[in-house]
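# Results of the structural survey
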Amino acid sequence: MIASTKPAKPASMLTTNLVFIGRSLRHSLRNTEALMMAIMLPVMLMLLFTYVFGGAIDSGGDYVNYVVPGIILLCAGFGSSSTAVDVSNDMTNGIIDRFRTMPIKSLSVVTGHVAASLARNLFATAVVIGVALLVGFRPNASFIEWVLAIGVITLFILTFTWLFAAIGLVAGSPAAASGYGFALLFLPYLSSAFVPTDTMPSWLQGVANHQPITPVIETIRGLLTGTPLDNSAWWAVGWCLFILTLAFVWSIFSFRKKAGRR
């Protein structure tokens, strides 16, 4: 008698996602150079702007309180950009074809990269805030304001991580994904991250005031240091949710186009 064989039962979405999140986290821990750079570059920029340029920009010595929220987002953006390279590597090295032969949802490989990047960047952000406190950053936020600020930072990281994941899916190679991601890292320099927008030329103020980074920075700055929030919080959340939705839909469409519908 020949024993009948049943087809393998597909793994649940939760199990698949957890497996791929663990895979991406292990890759992150092994790639210590990338993790160190994600931390060291924002810290070096903060020290540069605080001790080299800060005296010229604000002779009163309070520039560190102004610049830290921008450095936090720069840290988050730089760390998220590596997601584009990681996703592109998986899409071009043939491993997706292997995953498609398994009873799993292959899109979870992208979800794993996003979740691991979120955890990695929250850790890097905590280190940057710790260094900022050592060099003179003095927030006056309450516990609730800290929670809200961390929530905004987390939403921003998640948004741009999905955006970089989508870029990695459509890029032709990891090198191209890195180049596309690097272009987005210029946005904080065209915002209120390092100088008030009213000090910029009038034609540039329109760009700086109406791009997504500025309201996020002003929201974090207002929550941590008590500057006026006005309606920046609503714009910050609105921009992030809008970009997050577009990036998520773009990622699904691009993945199915390149890797099939499994």
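Calculation notes
- Residues numbered from 1 in each chain as written.
- Predicted model: local features only at pLDDT ≥ 70, side-chain atom pairs only at ≥ 80, totals over all residues.
- Heavy atoms only, no water.
- Core = buried A, V, L, I, M, F, W, Y, C linked by side-chain atoms within 4.5 Å.
- Buried < 20%, exposed > 50% of the residue type's maximum accessible area, 1.4 Å probe, protein only.
- Helix = DSSP H or I, 4+ residues; strand = E, 2+ residues; numbered from the N terminus.
- Contact = heavy atoms within 4.5 Å.
- UniProt positions renumbered as here; feature names shortened; annotations may be inferred.
- Axes fitted to C-alpha atoms, helices over the stretch in contact; angles between N-to-C directions.
- Parallel < 35°, antiparallel > 145°, perpendicular 65-115°, else oblique.
- Left-handed = near helix turned anticlockwise from the far one by under 90°.
- Nonpolar A, V, L, I, M, F, W, Y, C, P; charged D, E, K, R; others polar.
- Phe/Tyr/Trp six-rings, centres within 6.5 Å; stacked < 30°, edge-to-face > 60°.
- Lys NZ or Arg CZ within 6 Å of the ring centre and 35° of its normal.
- Polar contact = N/O pair within 3.5 Å; in protein donor to acceptor, adjacent residues only side chain to side chain.
- pLDDT = per-residue confidence, 0-100.
- Patch = residues over 30% accessible without salt bridge, like charges linked within 9 Å, V, L, I, M, F, W, Y side chains within 5 Å.
- Areas by Shrake-Rupley, 256 points an atom, 1.4 Å probe, with all protein chains shown as cover.
- Salt bridge = Lys/Arg side-chain N within 4 Å of Asp/Glu carboxyl O.

Residues F156, F194 and V216 are the most contacted members of the largest nonpolar core, which totals 60 residues. The biggest single contributor to this core is helix α3 (residues 63–92), with 14 residues. What F156 contacts, discounting residues up to four positions off in sequence, is L73, A76, G77, I213, V216 and C240.

Glancing now at the UniProt feature "transmembrane region" (unreviewed entry) in the chain. Listed under "transmembrane region" (unreviewed entry) in the UniProt record, and renumbered for this structure, are residues 34–57, 63–85, 106–134, 146–170, 177–195 and 233–253. With 100% helix and 0% strand, the stretch residues 63–85 has end C-alpha atoms that lie 34 Å from each other. With 100% helix and 0% strand, the stretch residues 233–253 has end C-alpha atoms that lie 30 Å from each other.

Moving on to the packing of α3 against helix α5 (residues 108–134). Orientation of α3 relative to α5, taken along the N-to-C sense of each, is 155 degrees, at an axis distance of 9 Å. The orientation of α3 relative to α5 falls into the category roughly antiparallel. Judged by the twist between their axes, the crossing of α3 over α5 is right-handed. Every residue of α5 that contacts α3 at V68, I71, I72, C75, A76, G79, S80, S82, T83, D86, V87 and D90 is listed here: V109, H113, S117, R120, N121, A124, T125, V128, I129 and A132. In terms of residue class, the contact of α3 with α5 is made up of 11 nonpolar, 8 polar and 3 charged.

Here the focus is the packing of aromatic side chains. The full count for this structure, using the stated rule, is 6 aromatic pairs. Between F186 and Y189, the aromatic rings sit 6.4 Å apart at their centres with planes inclined by 55 degrees, giving tilted as the arrangement. The ring of Y66 carries R221 above its face, with NZ or CZ at 3.7 Å from the centroid.

Now for the side chain of T219. Mapped onto the elements of the fold, T219 is located in helix α9 (residues 213–225). Of the polar contacts made by the side chain of T219, one reaches the backbone nitrogen of A233; its length is 3.3 Å.

Within the element layout of this structure, N121 appears in helix α5. Once you skip the residues sitting within four places of it in the chain, N121 turns out to touch C75, A76, G79, S80, I157 and T161.

Attention shifts here to the packing of helix α6 (residues 143–170) against helix α7 (residues 174–184). Between α6 and α7, the shortest axis-to-axis distance is 9 Å and the interhelical angle comes to 145 degrees. Pair α6 / α7 crosses with right-handed handedness. Contact residues: α6 offers L163, F164, I167 and G168, while α7 offers A177, Y180, G181 and L184. A per-class count over the contact of α6 with α7 returns 6 nonpolar, 2 polar and no charged.

Turning next to the confidence of the model for the chain. Of the residues in the chain, 78% have a pLDDT of 70 or more, and the chain-wide mean is 80. Here helix α4 (residues 95–100) is the element of the chain with the lowest mean pLDDT, 62, and α9 is the one with the highest, 92.

With that settled, consider a nonpolar patch on the surface. Where nonpolar side chains cluster on the molecular surface, the patch consists of L47, L48, Y51 and V52 and spans about 370 Å² of accessible area. Looking at the element boundaries, L47 is found in helix α2 (residues 32–57).

All right, on to the pattern of salt bridges then. Per the counting criterion, the structure on display carries 1 salt bridge. One salt bridge in this structure joins R221 and E218, with 2.7 Å as the shortest N-O distance. Note that R221 and E218 are positioned in helix α9 at a spacing of 3 residues, about one turn of the helix.

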